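# Per-entry structural report
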Amino acid sequence: MSSTAVSYWIFNSARNRIAILQGGRRLYSRGASNRHQLKWRLFPPASSTLKNSTPCGGFALQRAYRHTSTEEEDFHLQLSPEQVNDMLRAGESSHKVLDFNSGAPNSVLRFESNQLAANSPVEDRQGVASCMQTNGLMFGIFDGHGGHACAQAVSERLFYYMAVSLMSHQTLEQMEEAMENMKPLLPILQWLKHPGDSIYKDVTSVHLDHLRVYWQELLDLHMEMGLSIEEALMYSFQRLDSDISLEIQAPLEDEVTKNLSLQVAFSGATACMAHVNGVHLHVANAGDCRAILGVQEDNGAWSCLPLTCDHNAWNEAELSRLKREHPESEGRTLIIDDRLLGVLIPCRAFGDVQLKWSKELQRSVLERGFDTEALNIYQFTPPHYYTPPYLTAKPEVTYHRLRPQDKFLVLASDGLWDMLGNEDVVRLVVGHLSKVGCHKPDLDQRPANLGLMQNLLLQRKASGLHAADQNAATHLIRHAIGSNEYGEMEPERLAAMLTLPEDVARMYRDDITVMVVFFNSDSIDTYYKEG
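In short, a report on the structure. (Residues numbered from 1 in each chain as written. Predicted model: local features only at pLDDT ≥ 70, side-chain atom pairs only at ≥ 80, totals over all residues. Heavy atoms only, no water.)

### Topic: the packing of helix H3 (residues 81–89) against helix H15 (residues 491–498)
The interhelical angle for the contact between H3 and H15, taken along N-to-C directions, is 50°, at an axis separation of 11 Å. Between H3 and H15, the crossing angle belongs to the class labelled oblique. The hand of the H3/H15 crossing is left-handed. In this structure, H3 contributes Val84, Met87 and Leu88 to the contact, and H15 contributes Leu494, Ala495 and Leu498. The class makeup of the residues in the contact of H3 with H15 is 6 nonpolar, no polar and no charged. (Axes fitted to C-alpha atoms, helices over the stretch in contact; angles between N-to-C directions. Helix = DSSP H or I, 4+ residues; strand = E, 2+ residues; numbered from the N terminus. Parallel < 35°, antiparallel > 145°, perpendicular 65-115°, else oblique. Left-handed = near helix turned anticlockwise from the far one by under 90°. Contact = heavy atoms within 4.5 Å. Nonpolar A, V, L, I, M, F, W, Y, C, P; charged D, E, K, R; others polar.)

Below you can see the structure in the form of C-alpha cells.
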C-alpha cells in the first residue's frame, strides 16, 4: 500500500471518529483508543449525545474542525526516504561530555536526544545541565498536558531548585550576601541542553524571589553540607510545585505575569529527572515519563533495569496510596475509567491546581478578572471532588550505583512508552550501536527474550530503505511510529504517521521526547579501582 493510501486510510478513520462528536470547543473525542488518549479529559454536557458512550480519550474539537478537506486527492504525501529522514532528524541533538569533572574521569560519555511533536505547539520539554557549585549532571524530561505552559516553567526552574538544594551552607551564604549587596550571583547552572527560548523572561524576577526564599530556608537549617541528593530531589519537586501554586494566589499587578502564572498553574506536567555524580545515579519521577538502564553482563547478554514506575491507575501501589490519603467512602470514585477522578491519566504531576485546590480557592482566583477563554484555562471540577488535593508532585526517588556493565540510560515521555516496551527500547538501542560501530556485542550470547536476533534480521531486510541513524533517540522514534505489531519497519506507515494533519496526529500518537545517556565504562571502572 502506498504512503498516500495509508495516510488517507488513517485520516478517514480519524474523520469517522470525529463525525459523531457534537458540542463545545473543549469537548474531547471519546473515539480514540486508550493507547492514544489525551491525559486530560473533560466531560460533555449532560444533554450530549455522548453521555452514555464509552470514554476512551481523543483530542480537542477546536483543532479537529480546522481541517476541512477530506478527499483522497488532497493528500500528496509521497515522501522520499530523504524527506522522511529530514523530518525525523529535525529535532535531534547530541553532546559529548567533558572527559574530566573536577579532576576525576566523568562517568557520562555523551547524550543524544530528539523530539517529535504531535500537539501544536509541542507540550513536551527537556533539559540537561551541570551544577556549577557541585559535581552533578542533571537530565530531565517534562511532559505537559492541558497546554505547554507548566512543562516549560518546570523545565526552566526545577534544575535551579535542585542545584540550590545541594549547595553547602557556605555557598548559600555567599549567594545571600550577593543578593543583599546587589552583586552578581555565583553561577548556578551550565546548560548543556536548554529547554528552549523562555516565554517567561518578564517574570524571572518573581521566580528568583521564590528561589531566594527557598535558599534562605535552607540556610536556617544550618546544614554544613546541604541536603542529600535524595532529599534534594524530593524537596525540589514539591517546593517548585508549591511555588507555582502560590504565585497565582499572590496579588500580582503586572498583567503578563498574572496570565502566565495562571496558565502554568492550571496546565500540568509530569517529570522524570536523573542526577549523575560519579557512580551515583538518582532518578526522581512524578507521573508517567520513564527511565530505564541498558545493562550488558560479563557474558555479553543484555537486559533492562527499570528505574521508575508509572504513576497511574495500573500501578497497584499508587492506587493504595490514593486510598490511604482519602476517606474510605471515596474508594470507588478516586479512579473512574482508569483516570484520576475520571479526568487525568497520571496520578502525580506539577500544576493541575484544579485537582489540588479547594473549589472555593479556585473560584476566588478565577474571579479576579482573567480572560480564561482567551488563556485557554479549563474551568472544570470533576464529580466526586470532596477532599482535595487528589494530585501530588511528590516524586518517587530511586538510587542506583553505576557499574561498568551499565551502558546507557534512556529517559522518555510516555509518547515513546505507549509504542515500545522497555525491552524493545534496549533492543533497539543495542541494534543501533552495532550498526553505527559504537558497540559490537556478542550475538551468540544475547538473551532470546529481547529478540535481538530477530531485530538484526529485520534491520538487514530494511537496510536499503534508509541510511543508518547516527542518533539513538532518532532511531527509537523511527521505530516507535514506523513499526508494525510484529516489530517490522514499514516505510508506508512511517511516512503516513509523519504526514498526518495537525488536527489528527494527536489521535494516533503523543508528543515523543527521548534522551539516551551513554556511560563511560572505563571511567566507572576507574572509580572502583581507585576507591
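Let's pick the thread back up.
### Examining unusual backbone geometry
Peptide bonds are trans in most cases, and residues, glycine excluded, mostly fall at negative phi. Cis geometry marks the peptide bond from serine 120 to proline 121; its omega dihedral reads 0°. In this fold, proline 121 is placed in the loop between strand S4 (108–116) and strand S5 (124–131). Residues other than glycine seldom take positive phi values, yet aspartate 337 does so here, at roughly 55°. By secondary structure assignment, the location of aspartate 337 is in the loop between strand S12 (335–336) and strand S13 (339–340). Judged by its relative accessible area of 40%, aspartate 337 falls in the partly exposed class. (Buried < 20%, exposed > 50% of the residue type's maximum accessible area, 1.4 Å probe, protein only.)

### Some words on the side chain of threonine 171
Residue placement: threonine 171 occurs in helix H5 (residues 169–180). Here threonine 171 falls in the buried class, since its relative accessible area comes to 12%. Beyond its immediate chain neighbours, meaning those up to four positions away, threonine 171 contacts Gln133 and Leu186.

### Re the pattern of salt bridges
On inspection of all chains with the given rule, the structure shows 18 salt bridges. Lysine 258 is the salt-bridge partner of glutamate 255, the closest N and O atoms lying 3.8 Å from each other. You can see glutamate 255 and its partner lysine 258 sitting in helix H8 (residues 255–266), 3 residues apart, about one turn around the helix. Between glutamate 318 and arginine 348 there is a salt bridge whose closest N-O contact spans 2.9 Å. Taken together, the residues glutamate 318 in helix H9 (residues 316–325) and arginine 348 in the loop between S13 and strand S14 (350–351) connect sequence positions 30 residues apart. Residue glutamate 318 is classed as buried on the basis of its relative accessible area, which comes to 2%. Arginine 348 gets classed as buried once you look at its relative accessible area, which sits at 7%. Bridged by salt links that share partners, the residues Glu318, Arg321, Glu325 and Arg348 form one connected network. (Salt bridge = Lys/Arg side-chain N within 4 Å of Asp/Glu carboxyl O.)

Read these as geometric descriptors, not functional statements.
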